[in-house]
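Coordinates in review
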Amino acid sequence: MLKAVFLQIGATILAALIAGLISGTRGALSAALGGAACVLPNLFFALRLSLVSKRPAASYPLEFFVGEFFKIASTVGLLATVQLVYPDVHWLALFIGLVVALKANLFAFLVKT
């Protein structure tokens, strides 16, 4: 699980660098914030699931679905917070940073453990 989160972090950094080259500092920060809105909840979700995996198997599905709900809610909350805290956000760069971080999990199978 943490391998996928590290791939998301790398993809977010790459998206921020490319957005910075295209749109300047505003684009780089927006792409980084969009990726962080995805990466941070996923990091906490992965850490929580690794702690829960040591419990009895009966509680695991409930913990997964509750954690998934909080992950989605915190992603939406972080995106709303970005809009409130950073009013000069570059929306396209933020969206691209978010999508790149979300889709970085597709490449997790390419990384050898």
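Residues numbered from 1 in each chain as written. Predicted model: local features only at pLDDT ≥ 70, side-chain atom pairs only at ≥ 80, totals over all residues. Heavy atoms only, no water.

Considerations on the layout of surface pockets
Inclusion rule: The distinction between a cavity and a pocket rests on a 1 Å grid over the protein atoms alone: a 1.4 Å probe fits inside a cavity but cannot get out, while a pocket stays open yet meets protein on both sides within 12 Å along at least five of seven lines, and a residue with an atom within 4 Å of a point counts as lining. Grid points are joined across faces, edges and corners, and a volume is the space filled by probe spheres set on the points. Each residue gets one of three labels, nonpolar for Ala, Val, Leu, Ile, Met, Phe, Trp, Tyr, Cys and Pro, charged for Asp, Glu, Lys and Arg, and polar for the others, Gly among them.
Here the largest pocket is characterised by a volume of approximately 250 Å³. Per-class residue counts for the lining of the largest pocket are nine nonpolar, four polar and two charged.

Looking at the pattern of salt bridges
As a reminder of what qualifies: Salt bridge criterion: a side-chain nitrogen from Lys or Arg within 4 Å of a carboxyl oxygen from Asp or Glu. In DSSP terms, a helix is any run of H or I states spanning at least four residues, a strand is any run of E spanning at least two, and both are numbered starting from the N terminus. Buried means the residue's accessible area, taken with a 1.4 Å probe over protein chains only, is under 20% of the maximum for its type, while exposed means over 50%, and partly exposed covers the values in between.
Inspection of every chain in the model, using the stated rule, returns three salt bridges. For Arg48, the salt bridge goes to Glu63, with nearest N and O atoms at 2.7 Å. Here Glu63 lies in helix H3 (residues 60–85) and Arg48 lies in helix H2 (residues 25–52), a separation of 15 residues in the sequence. Residue classification places Arg48 among the partly exposed residues on the basis of a relative accessible area of 41%. Judged by relative accessible area, Glu63 falls into the buried class, the value being 16%. Close ionic contact of Lys71 with Glu68 constitutes a salt bridge, the shortest N to O distance being 3.4 Å. Of this pair, Lys71 and Glu68 both sit in helix H3, separated by three residues, roughly a single helical turn.

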